[in-house]
Amino acid sequence: NNAKLVQSESVETIGKLLVYPNPTTSLATIEFESTTECEGQLTIIDMMGKKVYNKVVKIEGGKNSLVLDLSNIVSGIYSVQLNYSGLTFYQNVVVQ
């Protein structure tokens, strides 16, 4: 079988969340790529499973960048969840 798997850079980055700076004290940027334009749900959950932030976000096809103000959140480790098109992506962020 001479079949080859070919991946482009854009395919490799689909579904990956990049959160920076991490750790953060106030503003954090979330970057990701999407193959579709849709609405998504952005949720931040503390280590006890409590939602501390929940917002509907507009997602564009291609690169996306969202800026969050985390200055009112107590210091700790949080899970950033992004749900869209039936998919869920996670990335931890440390708030100092």
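Before any of the text, the structure's been laid out above.
Reading the values: the criteria
- Residues numbered from 1 in each chain as written.
- Predicted model: local features only at pLDDT ≥ 70, side-chain atom pairs only at ≥ 80, totals over all residues.
- Heavy atoms only, no water.
- Helix = DSSP H or I, 4+ residues; strand = E, 2+ residues; numbered from the N terminus.
- Buried < 20%, exposed > 50% of the residue type's maximum accessible area, 1.4 Å probe, protein only.
- Contact = heavy atoms within 4.5 Å.
- Pairing = 2+ DSSP bridges.
- Axes fitted to C-alpha atoms, helices over the stretch in contact; angles between N-to-C directions.
- Patch = residues over 30% accessible without salt bridge, like charges linked within 9 Å, V, L, I, M, F, W, Y side chains within 5 Å.
- Areas by Shrake-Rupley, 256 points an atom, 1.4 Å probe, with all protein chains shown as cover.
- Salt bridge = Lys/Arg side-chain N within 4 Å of Asp/Glu carboxyl O.

## Quick word on the environment of Leu82
Mapped onto the secondary structure, Leu82 falls in strand β6 (residues 76–84). Overall, Leu82 belongs to the buried group, its relative accessible area being 1%. Contacts of Leu82, omitting those with residues within four sequence positions, involve Leu17, Phe32, Gln41, Leu42, Val57, Ile59, Leu87, Thr88 and Phe89.

## Some points on the sheet that holds strand β5 (residues 62–69)
The three strands lie next to each other as β1-β2-β5, forming an open sheet whose pairing is antiparallel. For this open sheet the edge positions go to β1 (18–20) and β5, each flanked by a neighbour on one side alone. In this sheet, adjacent strand axes meet at a mean angle of 20 degrees when their direction is disregarded.

## Observations concerning a nonpolar patch on the surface
On the surface, Met47, Ile77 and Val94 cluster together into a nonpolar patch covering about 260 Å² of accessible area. Tracing the backbone through its elements, the reader meets Val94 in strand β7 (residues 87–95). On the basis of relative accessibility, which here comes to 31%, the residue Val94 falls in the partly exposed class.

## Some words on the pairing of strand β2 (residues 27–34)
Counting buried residues along β2, six of its eight residues qualify, which places the element largely inside the surrounding structure. Sheet topology note: the β1/β2 ladder contains three bridges and is antiparallel. Bridge pairing in β2 places Tyr20 opposite Thr29. With antiparallel pairing between neighbouring strands as the criterion, β1 and β2 make up a hairpin whose turn holds six residues.

## Concerning the pattern of salt bridges
Under the criterion given, the structure shown has one salt bridge. The shortest N-O distance in the salt bridge between Lys58 and Glu60 comes to 3.6 Å.

Coordinates in, geometry out; function isn't part of it.
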